[in-house]
Amino acid sequence: MNKQPAPEDLRVFTVVARKSGFAAAAQELGASPAYVSKRIRLLEDELGVKLLHRTTRRVAVTEEGERVFHWAQRILDDMDQLMQEVAVTRSEPRGLLRVSSSFGFGRHVVAPALSRLVERHPGLQVRLDVFDRLVDVAGEGFDLDVRVGDEIAPHLIARRLADNHRVLCAAPAYLARRGMPRTPAELSAHDCLAIKERDQAFGVWRLRCGAMEQTVKVTGPLSANNGEMVVQWAVDGRGIALRSLWDVGAHLQAGRLVQLLPEWRQEANVWAVYPTRLQLSAKVRVCVEFLQEHFQQEQWAAAPR
């Protein structure tokens, strides 16, 4: 009968993969590098695959290791949730929680949610910082990054908080002047409002319609690194924007913007990204669970997909 991988071995492997080294993983786990190396070797023997490429300076995850990493995270998360559900009590979150997010989403969505969080948990103090770039959560001292977009590095721990997607939209005045694009390819001939925001490629729109995917290079007279400015330009009739439903939903409902090519969209779900497992920090765990509950009740999160 085949042996099952030990949960502790899976946990050790995920830390090594995230830290890219045995010594750093050993320090986080409070163990010796020799113990970490032994657990990785046993896990590789049990699975029959090579999980890591080892060099004198660092280790890198193999292709097989990446698949094991994702499965290990899911298995460990399920085990953690089981332990939490059968626990008699749950510790009350206290202390300072450092949260990061992007400019527009942080201001309009995350900030109001965190206000309600501290109202529910008075022992918690929250500092929210917003950026127009991706944040190194652990390296910059953050407990949690709330981000929009599905491109998340495999070594990070993440939980999906809500469904969201970006839609194409423009003002009626622009459409009256320039006409309605009928295919994604026609976007390249229109005035498009490009944005360089966090991990988005500048001037490159990747759109999906069911199983079909199309990449369009767009240009226009206006561009920015801030989504709020792009939305305002779109409302002013300056061009076509690709923005999230949470950002333009009210404008679409009011008729200030019109959705274009509604069958085409760009997935941009909302994620919580954090450097340590949730069971290690009551304040991070409570915040993530609160945000997941809060966002899923929002109108934009429940919009038809």
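Residues numbered from 1 in each chain as written. Predicted model: local features only at pLDDT ≥ 70, side-chain atom pairs only at ≥ 80, totals over all residues. Heavy atoms only, no water.

## Focus on the overall build of the chain
Phase 1: Secondary structure summary: the chain contains 9 helices and 15 strands in total.
Phase 2: In terms of overall dimensions, the chain has a C-alpha envelope of 70 × 45 × 35 Å along the principal axes.
Phase 3: For the chain, buried positions account for 46% of its 305 residues.
Phase 4: Put simply, of all contacts in the chain between residues at least 6 apart along the chain, 75% involve residues at least 24 apart.
Phase 5: Of the accessible surface of the chain, which amounts to about 15500 Å², a share of 51% is contributed by carbon and sulfur atoms. (Helix = DSSP H or I, 4+ residues; strand = E, 2+ residues; numbered from the N terminus. Buried < 20%, exposed > 50% of the residue type's maximum accessible area, 1.4 Å probe, protein only. Contact = heavy atoms within 4.5 Å. Areas by Shrake-Rupley, 256 points an atom, 1.4 Å probe, with all protein chains shown as cover.)

## Looking at the environment of P122
Phase 1: Residue position: P122 is located in the loop between α5 (103–120) and β4 (124–131).
Phase 2: A sequence separation of 29 residues divides P122 from P93, and the C-alpha atoms of the two residues are 9.0 Å apart.

## Description of the sheet that holds β4
Phase 1: On the basis of which strands lie adjacent, the open sheet formed by 5 strands has the order β4-β3-β5-β15-β6 and mixed pairing. In the strand order of this sheet, the two ends are held by β4 and β6 (157–162), each with one partner. This sheet shows a mean twist of 25° between the axes of neighbouring strands, independent of strand direction.
Phase 2: Pairing geometry for β6 and strand β15 (residues 270–274), over 5 bridges, is antiparallel. Following the sheet pairing, R159 is matched in β15 by A272.
Phase 3: Across the face of the sheet, α5 comes into contact with β3 (95–102), β4, β5 (144–148) and β15 while running at roughly 175° to β4. (Pairing = 2+ DSSP bridges. Axes fitted to C-alpha atoms, helices over the stretch in contact; angles between N-to-C directions.)

## Observations concerning the state of the cysteines
Phase 1: For the structure on display, the rule yields 0 disulfides.
Phase 2: A disulfide-free cysteine, C169 has its sulfur positioned 11 Å from the sulfur of C192, the nearest such atom.
Phase 3: Relative accessible area serves as the criterion here: at 0%, C169 is assigned to the buried category. (Disulfide = S-S within 2.5 Å.)

## Description of helix α9 (residues 282–296)
Phase 1: Spanning 15 residues, α9 covers 21 Å between terminal C-alpha atoms, matching the ideal 21 Å at 1.5 Å per step.
Phase 2: Within α9, 11 of the 15 residues are buried, which leaves the element mostly enclosed by the surrounding structure.
Phase 3: Three or more residues of α9 are buried, namely A282, K283, V284, R285, V286, C287, V288, F290, L291, H294 and F295. (Expected span 1.5 Å × (residues − 1).)

## Here we look at helix α1 (residues 7–19)
Phase 1: The end-to-end C-alpha distance of α1, which contains 13 residues, comes to 18 Å, matching closely the 18 Å that a straight helix rising 1.5 Å per residue would cover.
Phase 2: Within α1, 10 of the 13 residues are buried, which leaves it mostly tucked inside the rest of the structure.
Phase 3: Along α1, the positions that sit buried rather than exposed are D9, L10, R11, V12, F13, T14, V15, V16, A17 and R18.
Phase 4: At the C-terminal side of α1, S20 shows a positive phi close to 55°.

## A look at the pattern of salt bridges
Phase 1: Tallied over the full model, the rule gives 15 salt bridges.
Phase 2: Note that E28 and R18 form a salt bridge whose closest N and O atoms lie 2.8 Å from each other. Taken as a pair, E28 in helix α2 (residues 22–29) and R18 in helix α1 lie far apart in primary sequence, 10 residues in all.
Phase 3: One salt-bridge network, held together by shared partners, links R18, K19 and E28. (Salt bridge = Lys/Arg side-chain N within 4 Å of Asp/Glu carboxyl O.)

## Remarks on the nonpolar core
Phase 1: Formed by 27 residues in total, the largest nonpolar core has its most connected members in F105, L144, V146, L161, V270, L291 and F295.
Phase 2: Elements represented by at least two residues in this core include exactly β3, α5, β5, β6, β15 and α9.
Phase 3: Among the elements that take part in this core, α9 stands out by supplying 7 residues, more than any other.
Phase 4: In this structure, A17, A25, L52 and V68 belong to the second largest nonpolar core, which totals 19 residues. (Core = buried A, V, L, I, M, F, W, Y, C linked by side-chain atoms within 4.5 Å.)

## Notes on the environment of F22
Phase 1: Mapped onto the fold, F22 is located in helix α2.
Phase 2: Considered as a pair, F22 and V36 are 14 residues apart in the sequence and their alpha carbons are 6.5 Å apart.
Phase 3: The contacts of F22, once residues within four sequence positions are left out, are V36, S37, I40, L52, R54 and V59.

## Details of the environment of K196
Phase 1: If you trace the backbone, K196 turns up in the loop between β8 (194–195) and β9 (204–209).
Phase 2: What makes K196 partly exposed here is its relative accessible area of 40%.
Phase 3: With 92 residues separating them in the primary sequence, K196 and V288 have C-alpha atoms 27 Å apart.
Phase 4: With near-sequence residues (within four places) excluded, K196 lies in contact with F202, A224 and N225.

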